[in-house]
Amino acid sequence: MNRFLLSLFASMGILISAAQVLVSDSLLTSFTVQELLDAGVGGAEYPVEVHRLVYNTVDAHGAPTLASGAIVVPVQNACYHALAAYMHGTILNREDVPSRLSGEIIVGYFLGSAGYVAVLPDYLGLGDGPGRHPYVHARSEATACVDMLRAAREYCDQHGTLLNGQLFLAGYSQGGHACMATHKYIQEEVGGEFTVTASAPCSGPYDVSGVQAEVMVSPDPYPAPYYLPYVIFSYGYVYPDLYSDISEVFKEPWATTLPPLFQGNNGSGAVDAVMPDVPSTILQDSVLQNFSTMPDHRMRVALRENDLYDWAPLAPVKMIYCQGDNHVFYRNSIVALDAMQANGAQQVSTMDLGGLDHGDCAYPALLQAKAMFDAMQGDCTWNGIDDLAVMDWSVHPNPASGSVRLSMRSTDDGRFSWELFQNDGRSVGAGLGRTLEGEAVLNMPTDAPGSYVLRVMAGQRTGAIHLVLE
């Protein structure tokens, strides 16, 4: 909604509020620092509470739906906290998700007890989310994760948990893909609302149409054959023109035996038990032939729409992987690194942890991701605004409504720039100005009442003051 309409409605006495994303929250469990240490969460500094959030989002076709996730909140402190989102790996059973305290919730414990507000989305169609899970679908991974971040921020506002404006993203396996999708979506579409501080996608299939698609046509055994039917069922839901009936894609007996196993109540073991060691065996000969020889085969086009390497991240990105990974091939990260650097990205890097396989790579990879975040994390007292030098200037009135008058001396030519921040460090507007006889009028870029920080930069000097808007 543009500011003209906001002003018009306000003048008519109509109260406008942002759409609420958070639907409900429920306390799942809590831990003292000692309980976390006893559970193997090394370096725990804060006790935590774990809540399940249910929130509004959109499905893979853009229709309204619900999703869920877990939030791990450091408690019993008055600190400012960074948000850190963790995107989980491949899950078939809708109950094996973070909001049900599944195995990957341990990542949230590590992050929450280190002072982050840890946000762990379940994704669409898992947990409390109705319908199918659109597996490795970049757009819906991103929207579900961003709406979970919005719900987490609403939770923090409601419960007095202070945020510093930093946002870190991490994920493993499918979560690496979701992490990259979320970073790209935030940068390209919601950058005015969130700014990614850094991301660490780990062992993700960023080149799903190329490097990772090799498994579809390979004559070699593959250690997790369930990935192939999961992708095909998922994309059949997201892209209805791919096939009319699964028998067009799968041979028997798999056209009959596989569909009942993808209803959200089975794990990967149940699927692998009926799959051949060579996944491509289940494909109709014509499908395998056409996919192998036609660059614009509809399935390859659908996969290509979910590639995540051809862009240029502005924030630091470290792709962590293991060369020994025989599930998600390490060349996904190499392709992404080369493409991003060719596109001009300046802060993208990779880290190879060696010959570990997919499962064994997860723990050291995520420890490296956390180490990256820890090096950039604001301390307990940092509220997102850098320490500012005191200047000989003032604003009035304060509290104010609509505009303020800036009084400022000791500038060479009266030129200055300014930026307005919320108390959690989020920027809500900025501009340039010039004083006349030491004064200038600044029109505030928000109608929302509250406490803000106004930062002014003139030449080499910077100053700030807390400003209340009514």
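The coordinates are above.
Quick summary incoming for the structure in this document.

### Section: the state of the cysteines
Applying the stated criterion across every chain, the model contains two disulfides. Note on cysteine connectivity: Cys79 is disulfide-linked to Cys380, with sulfurs 1.7 Å apart. Because the sign of the S-S torsion sets the handedness, a value of about -85° for the bond joining Cys79 and Cys380 places this disulfide among the left-handed ones. Taken together, the residues Cys79 in the loop between strand E3 (64-74) and strand E4 (80-87) and Cys380 in the loop between helix H13 (358-376) and strand E10 (393-401) connect sequence positions 301 residues apart.

### Notes on the pairing of strand E8 (residues 317-321)
The element E8 is largely enclosed, with a buried count of four among its five residues. Across two bridges, the pairing between strand E7 (residues 198-202) and E8 is parallel. Among the inter-strand pairings, Cys202 is bridged to a residue of E8, identified as Ile320. Summarising the sheet, E8 and strand E9 (residues 348-352) pair through five bridges and their orientation is parallel. Residue pairing in the sheet places Ile320 in a bridge with Met351 of E9. In terms of handedness, the path from E8 via helix H12 (residues 331-342) over to E9 forms a crossover that is right-handed.

### Observations regarding the nonpolar core
One recurring pattern in soluble globular proteins is that nonpolar side chains are buried together. Core analysis: the biggest nonpolar cluster contains 51 residues, and Ile186 and Met319 have the highest contact counts within it. A per-element tally of this core places helix H4 (residues 138-159) first, with 11 residues. Aside from chain neighbours lying at most four places away, what touches Ile186 is Val146, Leu149, Leu167, Leu169, Gly191, Phe194 and Val196. By size, the runner-up hydrophobic cluster in this structure holds 41 residues, among which are Val136, Tyr239, Met275 and Phe329.

### Thoughts on the sheet that holds E9
Pairing in this open sheet of nine strands is mixed, and the strands run E1-E2-E3-E5-E4-E6-E7-E8-E9 from one edge to the other. Looking along the sheet, the strands with just one partner apiece sit at the ends: strand E1 (22-31) and E9. Each adjacent strand pair in this sheet contributes to an overall mean axis angle of 20°, direction not counted. As paired elements, E4 and strand E5 (residues 117-121) share three bridges and run parallel to each other. Residue pairing for E5: Ala85 is matched across the bridge by Val119. Strands in contact with helix H3 (residues 105-113) are E1, strand E2 (48-58), E3, E4 and E5; relative to E3, the strand with the most contacts, it is inclined by about 50°.

Rules behind the numbers
- Residues numbered from 1 in each chain as written.
- Predicted model: local features only at pLDDT ≥ 70, side-chain atom pairs only at ≥ 80, totals over all residues.
- Heavy atoms only, no water.
- Disulfide = S-S within 2.5 Å.
- Helix = DSSP H or I, 4+ residues; strand = E, 2+ residues; numbered from the N terminus.
- Buried < 20%, exposed > 50% of the residue type's maximum accessible area, 1.4 Å probe, protein only.
- Pairing = 2+ DSSP bridges.
- Right-handed = clockwise from strand over helix to strand, strands pointing away.
- Core = buried A, V, L, I, M, F, W, Y, C linked by side-chain atoms within 4.5 Å.
- Contact = heavy atoms within 4.5 Å.
- Axes fitted to C-alpha atoms, helices over the stretch in contact; angles between N-to-C directions.

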